[in-house]
Amino acid sequence: MTTHIGLIGGGNISETHARAALAIPDVEIAAVFGTNAEKVGRLCREYGGKPYGNLDEFLSHRPMQLAAIGSPSGLHAEQGIAAARQGLHVLTEKPIDISVERADALIGEARKAGVQLGVFFQDRCKPDILSVKNSVDAGVLGKPILADARVKWYRPPDYYSNSRWRGTWDLDGGGALINQAIHTLDLMLWIFGEVKAVQATCQTALHAIKAEDMLIAMLEFANGALGVLQAATSVFPGYPRRLELSGSEGTLIIEQDRLLATDLKKSAPDLLKNSEAEKNFSSSSPIVSNARGHQAVLEDFLRAIRTNTKPRCDGQEGRRSLALVQAIYEACRTGNRVNTNL
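Just so it is clear, the model here is predicted, and its values are computed rather than measured.

A.B. asks: What should I look at first to understand the packing of aromatic side chains in this one?
C.D. replies: How two aromatic rings sit relative to each other is given by the distance of their centres and the angle of their planes. This structure, assessed with the given rule, holds 6 aromatic pairs. Plain terms: the ring middles of Phe33 and Phe58 are 6.1 Å apart, the flat faces sit at 40 degrees to each other, and that makes the pair tilted. Placement of Phe33 in strand E2 (residues 27–33) and of Phe58 in helix H3 (residues 55–59) is noted, with a sequence separation of 25 residues between them. Since its relative accessible area comes to 0%, Phe58 is described here as buried. An aromatic cluster is defined as three or more aromatic residues linked by ring pairs; in this entry it consists of Phe33, Tyr52 and Phe58. Residue placement shows Arg155 over the ring face of Tyr159; its charged tip is 5.6 Å from the ring centre.

What follows is the structure, given as structure tokens:
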């Protein structure tokens, strides 16, 4: 049976959603909504679907079972709630929204409507990262000690100046942390567990934006481990993301979504090391050249719809990283150690 998907948003990430959807058998683009008629029209010509400039009319389009949201972050909950009230399943880009209160409203509306809610955290589906997650869960690192994450990326000035929403507090919810580094923060939570407190500092070092383009946070995990996160869009020319996870039994290092090193006291033959290099160069470009991660999220979400089970990253999971982001921003504003409430 064919699944008909509607796209909300006309930019780069909605095109990624379209490419991911059409790579799956029996999936079609039914309709596209956006405020830029030229971009929406181009998406429809290239990937199919009927163009809409009115959200209510878009949400009434049938057949359509699912809305994939790729609009500015501060609109995710509002548009997701509207879709859920029309009986549509909702799969939104990260972050789920820019405030926990809005996220909770979306989660509640989806539950009330009886529809599935998921968030595009595609790194959870990448083979090496999933292998690391499963191995840490199995105890290969022993007692968790330290998580060191570096998202030292670069975005040119026009990345912000050509956008009405990037780097703003009202639609982006912040800067390098909530837009770029939230994927890495999600992995730290997913693999190492809950964070109980944070300290942080940030600056706007390079770009003409209100939000930060450089941030450093120290995390205190509930299991006793410590973590450090560096997040930036101001580090030229941009370097591959790196996540180092250390425990009493050794260290695992992920770089550019590949398992780079397995320095363990005991061998771990079940650890998968993917030989294929990651083709996305997020460190220096916002363009998603490889849509396979988004495709994997969408495939998982479609399975959840068919089987009435939880997707790999549902609304509640998506909320965790947002709550931590808000705690980190509070620590930046106040200069205090902030207890989290994830």
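A.B. asks: Just checking my understanding: could you explain empty space enclosed by the protein for this structure?
C.D. replies: With a probe scaled to a water molecule rolled over the atoms, the places where space remains empty come into view. Within the structure shown, the criterion is met by 3 cavities of 30 Å³ or more. Taken as a whole, the largest cavity spans an internal volume of roughly 60 Å³. What lines the largest cavity is simply Leu91, Gly118, Val119, Phe121, Cys125, Val297, Asp300, Phe301, Pro311, Arg312 and Cys313. Per-element tally for the lining of the largest cavity: the top contributor is helix H9 (residues 292–307), with 3 residues. Of the residues assigned to the lining of the largest cavity, the class counts are 8 nonpolar, 1 polar and 2 charged. In this structure, the second largest cavity occupies an estimated 50 Å³ of space. What lines the second largest cavity is simply Ile129, Thr184, Leu187, Arg241, Arg242, Leu243, Ile254, Gln256 and Asp257. Elements supplying a minimum of two residues to the lining of the second largest cavity: helix H8 (176–192) and strand E11 (242–247). Partitioning the lining of the second largest cavity into residue classes produces 4 nonpolar, 2 polar and 3 charged.

A.B. asks: Could you clarify how one ought to interpret a nonpolar patch on the surface in this entry?
C.D. replies: Taken together, the side chains of Ile145, Leu146 and Leu226 define a hydrophobic patch exposed on the protein surface, amounting to about 230 Å² of accessible area. Given a relative accessible area of 39%, Leu226 falls into the partly exposed group.

A.B. asks: Explanation requested: helix H6 (residues 127–137) in the structure shown.
C.D. replies: Within an α-helix, residues lying three or four positions from one another point in the same direction, as the helix has 3.6 residues per turn. Among the residues of H6, Asp128, Ile129, Ser131, Val132, Lys133, Ser135 and Val136 are the ones counted as buried. Contacts made by the buried residues of H6 are with H8, E11, strand E12 (250–255) and strand E13 (258–264). Of the residues trailing H6, Gly139 is marked for its positive phi of about 95 degrees.

A.B. asks: For this particular structure, what's the right way to read the sheet that holds strand E3 (residues 50–52)?
C.D. replies: Through backbone hydrogen bonds, the strands of a sheet pair up, either in parallel or in antiparallel fashion. The sheet built from 6 strands is open, its strands ordered E3-E2-E1-E4-E5-E6 with parallel pairing. Only two strands of the sheet have a single partner each, and these edge strands are E3 and strand E6 (117–120). Each strand of the sheet is rotated relative to its neighbour by a mean of 25 degrees, with strand direction disregarded. Pairing between strand E4 (residues 66–69) and strand E5 (residues 89–93): 4 bridges, direction parallel. Considered in E5, the bridge of Ile69 is made with Thr92. This element, helix H2 (residues 37–47), spans E2 and E3 of the sheet and lies at about 165 degrees to E2.

The rules behind each value
Residues numbered from 1 in each chain as written. Predicted model: local features only at pLDDT ≥ 70, side-chain atom pairs only at ≥ 80, totals over all residues. Heavy atoms only, no water. Phe/Tyr/Trp six-rings, centres within 6.5 Å; stacked < 30°, edge-to-face > 60°. Helix = DSSP H or I, 4+ residues; strand = E, 2+ residues; numbered from the N terminus. Buried < 20%, exposed > 50% of the residue type's maximum accessible area, 1.4 Å probe, protein only. Lys NZ or Arg CZ within 6 Å of the ring centre and 35° of its normal. 1 Å grid on protein atoms, 1.4 Å probe; cavity = no way out; pocket = protein on both sides within 12 Å on 5 of 7 lines; lining within 4 Å. Points joined across faces, edges and corners; volume = space filled by probe spheres on them. Nonpolar A, V, L, I, M, F, W, Y, C, P; charged D, E, K, R; others polar. Patch = residues over 30% accessible without salt bridge, like charges linked within 9 Å, V, L, I, M, F, W, Y side chains within 5 Å. Areas by Shrake-Rupley, 256 points an atom, 1.4 Å probe, with all protein chains shown as cover. Salt bridge = Lys/Arg side-chain N within 4 Å of Asp/Glu carboxyl O. Contact = heavy atoms within 4.5 Å. Pairing = 2+ DSSP bridges. Axes fitted to C-alpha atoms, helices over the stretch in contact; angles between N-to-C directions.

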